[in-house]
Amino acid sequence: MSAEIRHQIQELSEEIRDHQFKYYVLDNASITDAAFDKLWNKLVELEQKYPQYKLESSPTLEVGGGFSTSFSQHDHIEKMMSLDNVFDKSELDNWFDRIGKTEVKNTWLCEVKVDGLAINLLYENGRLARALTRGNGTTGEDVTLNIKTIKSVPIELTGKNIPSQLEVRGEVFFPLKAFDELNDSLAEAGKPRFANPRNAAAGSLRQKDPKITASRPLDVVVHGIGAANGVSFDKQSTAYELLKSWGLPTSSRYQVVNTREEVAKFIDQYEKNRHSVEHEIDGVVIKVNEIDVQNNLGFTSRAPKWAIAFKYPPEEVSTKLLDIRVSVGRTGRVTPFAFMEPVKVAGSTVTNATLHNAQEIIRKGVLIGDTVLIRKAGDVIPEVLAPIIEKRDGSERAFVMPSKCPDCGSKLRAMSEGDVDIRCPNSQ
Ligand SMILES: [Zn+2]
């Protein structure tokens with residue numbers, strides 16, 4: 001009897017918290033007020049009758065839901081490893097050679113490497129019990145409430161043979177299209193923009209108020225398993241199929257191949273098309289597909305020996321903004337541009353990048369002398385994304401638009417009211 005009451009109080013408390021979460025955080029009530037009141041009154045009644053079973057975290061102790069992310073620290077059940085990297089095909093060949101020393105034949109699972117934030121989802125009896133950031137690999141920060149606002153992450157697994165305990169590893173990312181929209185709306189509101197989708201994902205996930213996270217269209221892709229009880233896999237690809245069957249967001253962008261040549265083809269194909277993917281990718285991950293071969297190979301102290309990340313050349317690098325200069329165009333338009341310490345990015349050396357106009361410089365918040373993040377995606381012209389504020393030493397100074405033309409000395413002015421550009425009247 002008493003165990004039953006305890007269980008009933010626990011279930012009711014959880015159910016009420018769920019409804020409150022949907023109502024207060026997701027702004028999406030799942031039951032009527034009357035039905036909610038009924039649950040609530042039932043819980044209050046039981047708690048009054050059996051105060052010894054009242055939960056410390058009972059919803060009746062808090063007013064209005066009270067959902068706030070504490071970022072409290074918890075250990076992962078199984079350590080979250082990182083991946084070793086290779087940066088070209090000959091380094092990759094060395095890795096293949098090391099694996100080739102094992103006698104067993106294996107196949108390769110290739111997948112795109114999502115440039116996001118690593119996350120560990122713990123499911124207990126099919127229910128999302130906790131979501132942790134990677135942290136130092138052993139201990140992460142609790143972001144469960146925030147993860148629960150992400151539509152693609154199931155709160156409850158569905159389907160058959162659900163394990164009693166399952167750690168699922170994945171990546172939180174900000175979809176590219178939504179990232180541009182977010183930045184546009186931030187700029188419109190006069191707020192600083194995020195430098196890249198990865199920063200936007202981190203900034204959106206690391207919110208004390210899960211309502212803010214809920215307002216951002218974050219997404220998740222899962223690509224691995226930590227601790228697992230009540231389930232086993234023979235292949236990495238089988239694991240993905242199972243995860244998918246339970247409702248977890250796996251990627252369709254993976255392929256199992258037999259040869260090194262096919263791996264190379266997968267790498268090249270995604271390098272060429274990396275900007276047509278819905279999220280940022282910074283390379284390809286290659287895994288031994290057979291779990292028994294994975295187990296034979298084992299781990300180093302920080303990474304599995306059976307997986308490797310092939311990293312594409314970075315499209316974002318940092319460099320020093322030495323000066324902001326202006327150039328006068330054919331039409332007399334005066335355009336400020338960044339003059340930077342030469343830096344190699346996406347296959348070419350960059351020293352200059354346009355800053356468009358004085359307002360753009362203010363919007364980006366860059367100062368002369370800043371270390372800045374620059375991006376050059378493929379054939380696209382280089383762009384200054386943002387200053388790296390932590391690198392400032394106080395010697396930086398604001399850019400002032402010149403009042404006279406650097407070519408002819410005439411007084412520069414806007415040609416019409418509200419024009420963000422200033423022009424030299426002697427041109428045209
Ligand atoms: Zn001039």
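Provided above is the structure to which this section pertains.
Quick caveat: nothing in here was measured; it's all calculated off a predicted structure. (Residues numbered from 1 in each chain as written. Predicted model: local features only at pLDDT ≥ 70, side-chain atom pairs only at ≥ 80, totals over all residues. Heavy atoms only, no water.)

1. What about the packing of aromatic side chains?
Counted under the stated rule, the structure contains 12 aromatic pairs. An angle of 50° between the planes, with centres 5.6 Å apart, marks the rings of Trp 95 and Trp 108 as tilted. Here Trp 95 is found in helix H3 (residues 89-100), whereas its partner Trp 108 is found in strand S3 (residues 108-114), with 13 residues between them in sequence. Look at Trp 108 and you get buried, because its relative accessible area is 7%. (Phe/Tyr/Trp six-rings, centres within 6.5 Å; stacked < 30°, edge-to-face > 60°. Helix = DSSP H or I, 4+ residues; strand = E, 2+ residues; numbered from the N terminus. Buried < 20%, exposed > 50% of the residue type's maximum accessible area, 1.4 Å probe, protein only.)

2. Considering unusual backbone geometry
Positive phi outside glycine occurs at Phe 71, with the angle close to 55°. Assignment of secondary structure puts Phe 71 in the loop between helix H2 (33-49) and strand S1 (73-75). Positive phi is not limited to glycine here, since Asn 161 has a value of about 50°. With respect to the helices, strands and loops of the structure, Asn 161 is situated in the loop between helix H4 (144-147) and strand S7 (165-173). Take Asn 161: its relative accessible area is 65%, and that puts it in the exposed class.

3. Quick notes on the sheet that holds strand S4 (residues 117-124)
Read from one edge of the open sheet, four strands run S5-S4-S7-S8, paired in antiparallel fashion. Two strands in the sheet have a free side with no partner beyond their single neighbour: strand S5 (127-133) and strand S8 (219-229). Here the strands of the sheet are splayed against their neighbours by 25° on average, with no regard to which way each runs. Each of S4 and S7 touches helix H6 (residues 197-205); the most contacted strand, S4, lies at about 45° to it. Each of S7 and S8 is contacted by helix H8 (residues 236-245), which is oriented at about 110° to S8, the strand it contacts most. (Pairing = 2+ DSSP bridges. Axes fitted to C-alpha atoms, helices over the stretch in contact; angles between N-to-C directions. Contact = heavy atoms within 4.5 Å.)

4. Section: the nonpolar core
Ranked by internal contacts, the top residues of the largest apolar core, which has 31 residues, are Leu 121, Tyr 123, Ile 147 and Val 172. Elements with a contribution of two residues or more to this core: S4, S5, S7, helix H5 (176-188), H6, S8 and H8. Those residues in contact with Leu 121 that sit more than four places away from it in its chain are Leu 128, Arg 130, Ala 131, Ile 147, Val 153, Leu 166, Glu 167, Val 168 and Val 222. In this structure, Cys 110, Val 277, Ile 281 and Ile 308 belong to the second largest nonpolar core, which totals 25 residues. (Core = buried A, V, L, I, M, F, W, Y, C linked by side-chain atoms within 4.5 Å.)

5. Section: the pairing of strand S15 (residues 371-375)
Taken across its five residues, S15 has five buried, putting it largely inside the fold. Residues Thr 371, Leu 373 and Arg 375 point to one face of S15 and Val 372 and Ile 374 to the other, with burial holding for every one of them. Bridge count between strand S12 (residues 316-328) and S15: five bridges; the pairing is antiparallel. Note on S15: the bridge partner recorded for Val 317 is Ile 374.

6. Structural notes on the packing of helix H1 (residues 2-25) against H2
For any two helices packed against each other, the geometry comes down to the angle between their axes and how far apart the axes lie. Here H1 crosses H2 at 145°, and the two axes come no closer than 10 Å. When you trace H1 past H2, the crossing you get is left-handed. Across from Ile 5, Gln 8, Ile 9, Leu 12, Ser 13, Glu 15, Ile 16, His 19 and Gln 20 in H1, the residues of H2 making contact are Phe 36, Leu 39, Trp 40, Lys 42, Leu 43, Leu 46 and Glu 47. The residue makeup of the contact of H1 with H2, split by class, is nine nonpolar, four polar and three charged. (Left-handed = near helix turned anticlockwise from the far one by under 90°. Nonpolar A, V, L, I, M, F, W, Y, C, P; charged D, E, K, R; others polar.)

7. Here we look at the coordination of the zinc ion
Those protein atoms acting as donors to the zinc ion are Cys 405 (SG), Cys 408 (SG) and Cys 424 (SG), and they sit at 2.2 to 2.3 Å. Between consecutive donor residues of the zinc ion, the sequence gaps follow C-x2-C-x15-C. Pair noted here: Cys 405 is in the loop between strand S16 (383-387) and strand S17 (422-423) and Cys 424 is in the segment after S17, with a separation of 19 residues, a long-range link. Cys 424 matches Cys 405 in its accessibility class, with the two residues each being buried. (Donors = N, O, S within 2.8 Å, 3.2 Å for Na, K, Ca; no water.)

8. Points about H8
Listed as buried for H8 are Gln 236, Ser 237, Ala 239, Tyr 240 and Leu 243. All buried residues of H8 project into a common sector of 155° when viewed along the axis, lining one side. Next to the buried residues of H8 lie S3, S7, S8, strand S9 (254-257), strand S10 (281-288) and helix H10 (291-297). Looking one or two places after H8, you find Gly 247, whose phi comes out positive at around 95°. (Arc of directions from axis to C-beta.)

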